[in-house]
Amino acid sequence: MNVTARRIASVPYRASSQTWQVIVDLLAPEGSPARPTLLSAGGPSAVIIAEEYTSGAPIVVLPVTGPRIRIRTVHGADAFDAAEDETPLMSRPLDQPGWTLSLPCAADDLDELRAALAGHSQITVRSLDDDVDDTASAQAHEVRIVINTAELEAP
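Described below are features of the structure shown in this document. (Residues numbered from 1 in each chain as written. Predicted model: local features only at pLDDT ≥ 70, side-chain atom pairs only at ≥ 80, totals over all residues. Heavy atoms only, no water.)

### Regarding the pairing of strand E4 (residues 100-105)
What counts here: For every residue, the accessible area (1.4 Å probe, protein chains only) is compared with the maximum for its type, and the residue is labelled buried under 20%, exposed over 50%, or partly exposed between those bounds. Secondary structure counts use DSSP, requiring at least four H or I residues in a row for a helix and at least two E residues in a row for a strand, with both numbered from the N terminus. The criterion for strand pairing is that DSSP finds at least two bridges linking the strands in question. For crossovers, right-handed means that the path from the first strand over the helix to the second runs clockwise, given strands pointing away from the viewer.
Of all the six residues making up E4, five are buried; the element is thus mostly covered by neighbouring parts of the structure. Two elements, E4 and strand E5 (residues 123-127), share five bridges in a ladder whose sense is parallel. Looking at E5, one finds that Pro 104 is bridged to Arg 126. Traced from E4 through helix H6 (residues 107-116) to E5, the parallel crossover comes out right-handed.

As structure tokens, this is what we get:
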């Protein structure tokens, strides 16, 4: 599986809500169908960034096609250097329906943030120790090509 990774500067370079906005802009530029969903998850996502959960464990995005995307935030003095290295993605990974996004969270806040994002079926919250299982996602989006050989032989 291919993986694309990005590091996004956060506090003190920018506030956690501004950091989420940068992540939204990275994944779903203006006009993207996924943008409203990501923007509506701004509050809980900003909390997760403010708590620095995303510095140790990545935000994981599973687009329908293309590589898995891992986004980590950089905090403290290193955030200023990370801001200079932020690069856009070469594609628009969330333009096709069926994508998922997983946010990392400490056990103390897990239930509260899951409840806050309960209406967002494409966005999940996982424990800091868990990785995202993309087996089901890959199977759901698997393409199977069927060739009807009888049609090839037809006059």
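### Considering the packing of aromatic side chains
The test is simple: We call Phe, Tyr and Trp rings a pair once their centres come within 6.5 Å, taking the six-membered ring for Trp, and we label the pair stacked below 30 degrees between planes, edge-to-face above 60, and tilted otherwise.
Counted by the stated rule, this structure contains one aromatic pair. With centroids separated by 5.6 Å and ring planes inclined at 85°, the aromatic side chains of Tyr 13 and Phe 80 adopt a geometry described as edge-to-face. Separated by 67 residues along the polypeptide, Tyr 13 in the loop between strand E1 (3-9) and helix H1 (16-27) and Phe 80 in helix H5 (residues 78-84) bring together distant segments of the chain. You can call Phe 80 partly exposed: its relative accessible area is 41%.

### Quick word on the side chain of Arg 35
Operational definition: In protein, a polar contact requires one atom able to donate a hydrogen and another able to accept it; more generally it is a pair of N or O atoms within 3.5 Å, and residues adjacent in sequence count only if both atoms are side-chain atoms. It only takes one pair of heavy atoms within 4.5 Å for two residues to be counted as in contact.
Mapped onto the elements of the fold, Arg 35 is located in helix H2 (residues 35-40). Residue Arg 35 is classed as buried on the basis of its relative accessible area of 9%. Here the side chain of Arg 35 touches Asp 25 through a polar contact of 2.8 Å, side chain to side chain. With residues near it in sequence (within four places) discarded, Arg 35 still touches Gln 21, Val 24, Asp 25, Ala 28, Pro 29 and Glu 30.

### Details of the environment of Ala 15
Within the fold, Ala 15 resides in the loop between E1 and H1. Here the alpha-carbon distance between Ala 15 and Ala 46, two residues 31 residues apart in the chain, equals 8.5 Å.

### What about the packing of H1 against helix H3 (residues 42-50)?
The relative placement of two packed helices comes down to the angle between their axes together with the axis-to-axis distance. Operational definition: Axis angles are defined between N-to-C directions and span 0 to 180 degrees, where every axis is a line fitted to C-alpha atoms and, for a helix, only to the segment in contact. An angle below 35 degrees is treated as roughly parallel, one above 145 as roughly antiparallel, one from 65 to 115 as roughly perpendicular, and anything else as oblique. By convention the crossing between two helices is left-handed if the near helix lies anticlockwise of the far one by an angle smaller than a right angle, and right-handed if it lies clockwise. Each residue is assigned to one class: nonpolar for Ala, Val, Leu, Ile, Met, Phe, Trp, Tyr, Cys and Pro, charged for Asp, Glu, Lys and Arg, and polar for all the others, Gly among them.
Orientation of H1 relative to H3, taken along the N-to-C sense of each, is 115°, at an axis distance of 8 Å. Here H3 runs roughly perpendicular to H1, going by the angle between their axes. In the crossing of H1 with H3, the sense of the turn from one axis to the other is right-handed. Residue-level inspection shows Ser 16, Ser 17, Thr 19, Trp 20 and Ile 23 of H1 in contact with H3, the latter providing Gly 42, Ser 45, Ala 46, Ile 49 and Ala 50. The class makeup of the residues in the contact of H1 with H3 is five nonpolar, five polar and no charged.

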